[in-house]
Structures are given as C-alpha cells and as structure tokens.
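# Structural characterization, general
Spelled out, the chains give:
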Amino acid sequence: MSEFTHFDERGRAVMVDVAGKEDTRRVAVASGRISMLPDTLERILGGEAAKGDVLGIARIAAIQATKRTAELIPLCHPIALTRVSVEFSHDAAGSSISCTVTAETVGKTGVEMEALTGVSVALLTIYDMCKAVDRGMTLGEIRLQEKQGGRSGHWRAASGSA
C-alpha cells in the first residue's frame, strides 16, 4: 500500500497538491444498500410513503451531496462535476434498496469521494423519510465499485468483495 497522501513529513494533515497533475476525464462509481421491513419496501415502491416520492427525493439528495462533498470532507478538493447519475434497484426477497452513484469530471483529481458521499446521503434520505414506520432500517455495503482516470488509471472492485 502506498503512503497516505494527506499528511506532510511531520504528520500534519494537508490538502494534497494537485497543481502538477494533468486534467483528465475522471469517473467514479459507488454503491450501497439499505435494508428494511418488507412493508416499508412495499410502501416506497408503491408511492405510499407519507412524506412523498422517497426515491425521487433521495436522488436529488444524492446529487446535492456530490456537489457539496468538499464542504463535508475536510481535505477534499472542490470539484466541478460534469455529470452525476443516481440509480436505484430493489431486492424484494432481501427487502432492500440499492443505490449506485456515478460521478464524472474533467480535472486534476478524482471523484471517488463525491460518488461515495452521494450514495451515503441517498441512503440516509431514505432512512429519514421512512423512519416513522421503520426505525430498524440498516445501511451498509457502501463502497467504491470503480474509478477511471488519472495517474492510477482504471480500477474495479473484485466481484463479490465487500
């Protein structure tokens, strides 16, 4: 494993200097899951949640979160995103909803943190909108699936790894 990049030679936290890096197209895909009671899932999918369109609002929350990542994660660079997409799928047997966020930019640093933040906030939004009927929901499996661009090139998570 390479050295941590967010510390200087004296161990102090620093923002990484990206001035010398080339602008490249950078893409990151992250995913996560929220598990819930079967009735909660049915209400969400049937549009019967008391607070409205749960997945529509969670999609907007994810997009907003990607754009605000540098305000939330102290050493992240502010990034001009060129595209963010948010997809949801559900597993009726597992009574869960999965979220996948893809973030893109052309710049000097990657968008992994933006994609991960988007997934996290989408799942938290689902929790917030449904907690009145299901406080036992659990969020998990939030992870980077893939990244492209930059000096380290293309990376993809091993299938089935957590």
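For the structure itself, look to the data block above.
All values reported here derive from a predicted model rather than from experimental measurement.

What counts, and at which threshold
Residues numbered from 1 in each chain as written. Predicted model: local features only at pLDDT ≥ 70, side-chain atom pairs only at ≥ 80, totals over all residues. Heavy atoms only, no water. Pairing = 2+ DSSP bridges. Helix = DSSP H or I, 4+ residues; strand = E, 2+ residues; numbered from the N terminus. Contact = heavy atoms within 4.5 Å. Axes fitted to C-alpha atoms, helices over the stretch in contact; angles between N-to-C directions. Disulfide = S-S within 2.5 Å. Left-handed = near helix turned anticlockwise from the far one by under 90°. Nonpolar A, V, L, I, M, F, W, Y, C, P; charged D, E, K, R; others polar. Core = buried A, V, L, I, M, F, W, Y, C linked by side-chain atoms within 4.5 Å. Buried < 20%, exposed > 50% of the residue type's maximum accessible area, 1.4 Å probe, protein only.

Another aspect to go through is the sheet that holds strand β1 (residues 24-35). Strands pair in a sheet through their backbones, by hydrogen bonds, and they do so in one of two ways: parallel or antiparallel. Reading across the sheet, the 5 strands line up as β2-β3-β1-β4-β5 and stay open at both edges, with antiparallel pairing between neighbours. In this open sheet, the two edge strands, each paired with only one partner strand, are β2 (81-91) and β5 (155-156). Relative to β5, strand β4 (residues 138-148) runs antiparallel, the two being bridged by 2 bridges. In the sheet register, Glu146 faces β5, and the bridge partner there is Arg156. On top of the sheet, helix α2 (residues 54-67) reaches β2 and β3 (96-107); it is set at about 145° to β2, its chief contact. With respect to the sheet, helix α4 (residues 112-130) is in contact with β1, β2, β3 and β4, its orientation differing from that of β1 by roughly 25°.

Moving on, we get to the state of the cysteines. Inspection of every chain in the model, using the stated rule, returns 0 disulfides. Distance from the sulfur of Cys76, which forms no disulfide, to the nearest cysteine sulfur (Cys99) is 18 Å. For Cys99, which is in no disulfide, the shortest distance to another cysteine sulfur is to Cys130 and amounts to 14 Å.

Before going further, it helps to examine the packing of α2 against α4. Two numbers describe how α2 lies on α4: the axes approach to 7 Å, and their chain directions differ by 145°. For the crossing formed where α2 meets α4, the hand is right-handed. Listed contacts from α4 to Val54, Leu55, Ile57, Ala58, Ala61, Ala62, Ala65 and Thr66 of α2 are Glu114, Thr117, Gly118, Val121, Ala122, Thr125, Ile126, Met129 and Cys130. Its residues assigned to classes, the contact of α2 with α4 comprises 12 nonpolar, 4 polar and 1 charged.

The next subject is the nonpolar core. Within the largest apolar cluster, 27 residues are counted, with the highest numbers of intra-cluster contacts made by Met36, Ile44, Phe88, Ile97, Cys99 and Ile126. Those elements that provide at least two residues to this core are β1, α1 (38-45), α2, β2, β3 and α4. In terms of residue count, α4 provides more of this core than any other element does, 7 residues in total. The contact partners of Ile44, leaving out residues within four places of it in the chain, are Met36, Val54, Leu55, Ile97, Ile126 and Cys130.

Turning to unusual backbone geometry, a few remarks are in order. Note on backbone geometry: most residues besides glycine have negative phi, and most peptide bonds are trans. Positive phi, normally seen in glycine, also occurs at Ser95, with a value near 50°. Structurally, the position occupied by Ser95 is in the loop between β2 and β3. With relative accessibility at 7%, the residue Ser95 sits in the buried group.

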